[in-house]
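A look at the structure
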Amino acid sequence: MRSIFFLTCAVLWASLCNAQDITPSKVRAAIIARDFEKVDHLLETAQADYLAGNRDADNIRALYITLSRSHPAAVQFVSDWLEKDPENHKAQISRAWSLYNAANYVQWGRNTYSNEVAHHMHRQIFDLVAAAYRSSPDLIPVSDAVVRELGRNNFGIPSSLEAFDLVMKERPNWGTLQRTLPTVYHLSFEMIMSFCKSASENFPTRYMQRIIENRCILQAANQSKSSDLRAEATKLLWKIEDPALVMDQLDFLIRTKTYQDWTKKEIAWAKAQLLTAPVDQFELAHFRFLAERLAFIARTSHGDRDPFFERFRWARLDQAKVFLDHDPYNLDLLELIDGVEFGQKVATETDADNQTSHHLVPNHLTKEQRHARDSQNDDFAMRRLRASPYSPYHWAKVATIVSKRNIPESTFSGDLAMRNSIVFSDDPAASLLQMMRYKLNQYQTYSKASDISAEDLARLPNWRRFLQQTNLADQILCPYLRAYLLYQASCEHYSPGAEQCRELRGEEATAHASLREPANNEPACAGYLNASIEELWYDPASFAEATEQLE
């Protein structure tokens, strides 16, 4: 009997070892090597392990997530793989998830232009998901896409709940259930409770069924407007010790408890979880949001002076950097990392009663650290722009960074970027005013350079070349006048008293008048004065052309 037991253990151990041989790092290495056949083989073998019960659904997800990262090597790989083998369901779904992540970042532009581009990308995603589902409905990243409704409106593709039922009857897993929940948030309390109950019954043991049912109710309560469901979730909140519930517990508490109802004990628990709980990349991004909210709650409810959000960012910095290495254009990670190590530090003190307190102290940067900070600013601004290339904010940001370098050769390098910030804006008056200020800064730079004596210019060859090569009318006066005329026309369509169109006052008004007068009187700009809005309006500069100028 014992020999049979040990033989069984050996067989199970061998199957687990075989499953563990295929890891995200191996898939990543094959991507970097552009080995299409190896990636295909690794994924095919992993899927066979999964169907044989030797690999779980989350393991399969992790392999495909590697292919959907924003790393240029991964993005190019899945695009080329699909072009090379367009009927391959693994290539289809890899490209679909890669496009899905990219479309989400494009939508961070939060304007009509970016929404239209993202909509077009989603049409491609829907078609790829549909094609992959027809070939391989039991591939977890494919069924995940369908339950997330990324294949909707395609003939023959089941609804989210139909696809969910097919997966849960064969290979029940929390990930599939979790991804289906958004389709039931709007249902009644009774229907959500029934859904969670029936979904949990697909799992093999009573213990797992209770855990899954609790998770389902708690996560649904985070999004549902049902007060009955929230009351039920409150009763279940601490019922079962489940590490997978930590984020949902935090989410539920922060979303539903009023500030005055938080106890110091609950705040201490929440802080400890946010600082130390094991999380993956997606959970870390959400933890950032929760940490910021919790810091506000602690200050509001108990006058807590703990700089908790800064502590959180420092505590999670190294982990976020590791994630960023593999996903370098992830906007959530960039937000978490940006400027942390160059900002204020957190000091910790313990008093005579053994009570610990935290406060911020200045971070006195060395010359090398200031250079590193500036390099990070430049680098992260460009990464954000590449991730969301229709964002007026990101275009204006990179243009502003270049203009602040105080290098003569860079004075006009951001012109095309600033133009794109206008083209992609849903608030043209604000963007045009920004362009006017940008041109005013250039005019002031030119004026200061013009005041440099000939003797000093002889020792400043860069500024001498700047004055010799700058065409005042073409590069400053006429572009300013164009922006000003468009600004005046745009403001006619804004509500009276709109902040974007307020009358300039004080020194700013005087400065603009000093530029507007020569611009109005410049013969080279005369054509703008009688031009129509359509004639004055800008065409977008290509991404390559605008960013080439920046460098």
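Before reading further, recall that the structure is shown in the block above.
The sections below set out a description of the structure shown in this document. Predicted model, so just to flag it, every value in this text is computed and none were measured.

**A word on the layout of surface pockets**
Counted as a void, the second largest pocket has a volume near 360 Å³. The element contributing the most residues to the lining of the second largest pocket is helix α23 (residues 428–450), with eight residues. Across the lining of the second largest pocket, the residue classes break down as six nonpolar, ten polar and three charged.

**Thoughts on the environment of F252**
Inspection of the secondary structure assignment puts F252 in helix α14 (residues 246–256). Between the C-alpha atoms of F252 and E349, which are 97 residues apart in sequence, the distance is 32 Å. Apart from residues lying up to four places away in sequence, F252 is in contact with L218, A221, N222, R230, A233, T234, L237 and K257.

**Observations regarding the side chain of H512**
By secondary structure assignment, the location of H512 is in helix α27 (residues 506–521). Those residues in contact with H512, other than ones at most four positions away along the chain, are M436, R437, L440, Y480 and L504.

**Side note on the side chain of T470**
Position of T470 among the secondary structure elements: in the loop between α25 (461–469) and α26 (472–491). At 2.6 Å, the side chain of T470 forms a polar contact with the backbone oxygen of F466. Non-local contacts of T470, meaning those with residues more than four positions away in its chain, are made with F412, Y446 and Q475.

**Notes on the packing of helix α7 (residues 112–135) against helix α8 (residues 140–147)**
Relative orientation of the contacting elements α7 and α8 amounts to 130°, with a least axis distance of 9 Å. When the interaxial angle is binned, α7 and α8 end up oblique. The interaxial crossing formed by α7 with α8 has left-handed handedness. Here V129, A132 and Y133 of α7 come into contact with α8, specifically with V142, A145 and V146.

**Quick look at the pattern of salt bridges**
Enumeration over the complete set of coordinates arrives at 24 salt bridges. A salt bridge links D306 to K271, with the shortest nitrogen-to-oxygen separation between them at 2.9 Å. With D306 in the loop between α16 (281–302) and α17 (308–315) and K271 in helix α15 (residues 264–276), this residue pair connects regions lying 35 residues apart in the sequence. There is no split in this pair, since D306 and K271 are both buried. A network of salt bridges, in which partner residues are shared, links D58, R61, D144 and R179.

**As for unusual backbone geometry**
With phi around 55°, R34 is a residue other than glycine that occupies positive phi space. Inspection of the secondary structure assignment puts R34 in the loop between α2 (24–32) and α3 (36–51). Residue class for R34 comes out partly exposed when judged on its relative accessible area of 38%. Despite not being glycine, R110 shows a phi value in the positive range, around 50°. Tracing the backbone shows R110 in the loop between α6 (89–106) and α7.

Calculation notes
- Residues numbered from 1 in each chain as written.
- Predicted model: local features only at pLDDT ≥ 70, side-chain atom pairs only at ≥ 80, totals over all residues.
- Heavy atoms only, no water.
- 1 Å grid on protein atoms, 1.4 Å probe; cavity = no way out; pocket = protein on both sides within 12 Å on 5 of 7 lines; lining within 4 Å.
- Points joined across faces, edges and corners; volume = space filled by probe spheres on them.
- Helix = DSSP H or I, 4+ residues; strand = E, 2+ residues; numbered from the N terminus.
- Nonpolar A, V, L, I, M, F, W, Y, C, P; charged D, E, K, R; others polar.
- Contact = heavy atoms within 4.5 Å.
- Polar contact = N/O pair within 3.5 Å; in protein donor to acceptor, adjacent residues only side chain to side chain.
- Axes fitted to C-alpha atoms, helices over the stretch in contact; angles between N-to-C directions.
- Parallel < 35°, antiparallel > 145°, perpendicular 65-115°, else oblique.
- Left-handed = near helix turned anticlockwise from the far one by under 90°.
- Salt bridge = Lys/Arg side-chain N within 4 Å of Asp/Glu carboxyl O.
- Buried < 20%, exposed > 50% of the residue type's maximum accessible area, 1.4 Å probe, protein only.

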